[in-house]
Amino acid sequence: MARPEALRLLRIARRDLRMARRLLDPEVEEASWGWAAQQCLEKALKAWLLQLA
């Protein structure tokens, strides 16, 4: 069973991923997309680590 905190982090990661996808517009700075993608990955990894503990 998934821990509540891990599930919360995964919900946030999905939100960050949706934002990153929206920022793929060629008129948006690449750094903005990269930041959102990094946030998504960070939250997903934290959720995974919480499940391992």
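The preceding data block contains the structure.
Description of the structure in this document. (Residues numbered from 1 in each chain as written. Predicted model: local features only at pLDDT ≥ 70, side-chain atom pairs only at ≥ 80, totals over all residues. Heavy atoms only, no water.)

## Structural notes on the overall build of the chain
Here's step 1: The helix and strand inventory of the chain stands at 2 helices and 0 strands.
Here's step 2: Here the chain has a C-alpha radius of gyration of 13 Å; the compact-globule value for 53 residues is 10 Å, and the former is much larger.
Here's step 3: Its C-alpha atoms put the chain at 40 × 15 × 10 Å along the principal axes.
Here's step 4: For the chain, the proportion of its 53 residues judged to be buried stands at 21%.
Here's step 5: For the chain, long-range pairs separated by at least 24 residues make up 64% of all intrachain contacts whose partners lie at least 6 apart in sequence.
Here's step 6: In the form shown here, the chain has an accessible surface area of approximately 4,200 Å², with 62% of it arising from carbon and sulfur atoms. (Helix = DSSP H or I, 4+ residues; strand = E, 2+ residues; numbered from the N terminus. Rg over C-alpha atoms; globule rule 2.2 N^0.38 Å. Buried < 20%, exposed > 50% of the residue type's maximum accessible area, 1.4 Å probe, protein only. Contact = heavy atoms within 4.5 Å. Areas by Shrake-Rupley, 256 points an atom, 1.4 Å probe, with all protein chains shown as cover.)

## Comments concerning a nonpolar patch on the surface
Here's step 1: On the surface, Leu41, Leu45, Trp48, Leu49 and Leu52 cluster together into a nonpolar patch covering about 550 Å² of accessible area.
Here's step 2: Looking at where Leu49 falls in the secondary structure, it is placed in helix α2 (residues 30–52). (Patch = residues over 30% accessible without salt bridge, like charges linked within 9 Å, V, L, I, M, F, W, Y side chains within 5 Å. Salt bridge = Lys/Arg side-chain N within 4 Å of Asp/Glu carboxyl O.)

## Quick notes on the pattern of salt bridges
Here's step 1: Under the definition given, this model contains 4 salt bridges.
Here's step 2: Across the salt bridge formed by Glu5 and Arg8, the nearest N and O atoms sit 2.8 Å from each other. Of this pair, Glu5 and Arg8 both sit in helix α1 (residues 4–22), 3 residues apart, which is roughly one turn of the helix.
Here's step 3: Assessed through its relative accessible area of 36%, Glu5 is described here as partly exposed.
Here's step 4: By relative accessible area, Arg8 is classed as partly exposed at 37%.

## Side note on α2
Here's step 1: Relative to the 33 Å expected for 23 residues at 1.5 Å per residue, α2 spans 33 Å between its end C-alpha atoms, a close match to the ideal helical length.
Here's step 2: Within the span of α2, buried status applies to Ala36, Gln39, Cys40, Lys43 and Ala47. (Expected span 1.5 Å × (residues − 1).)

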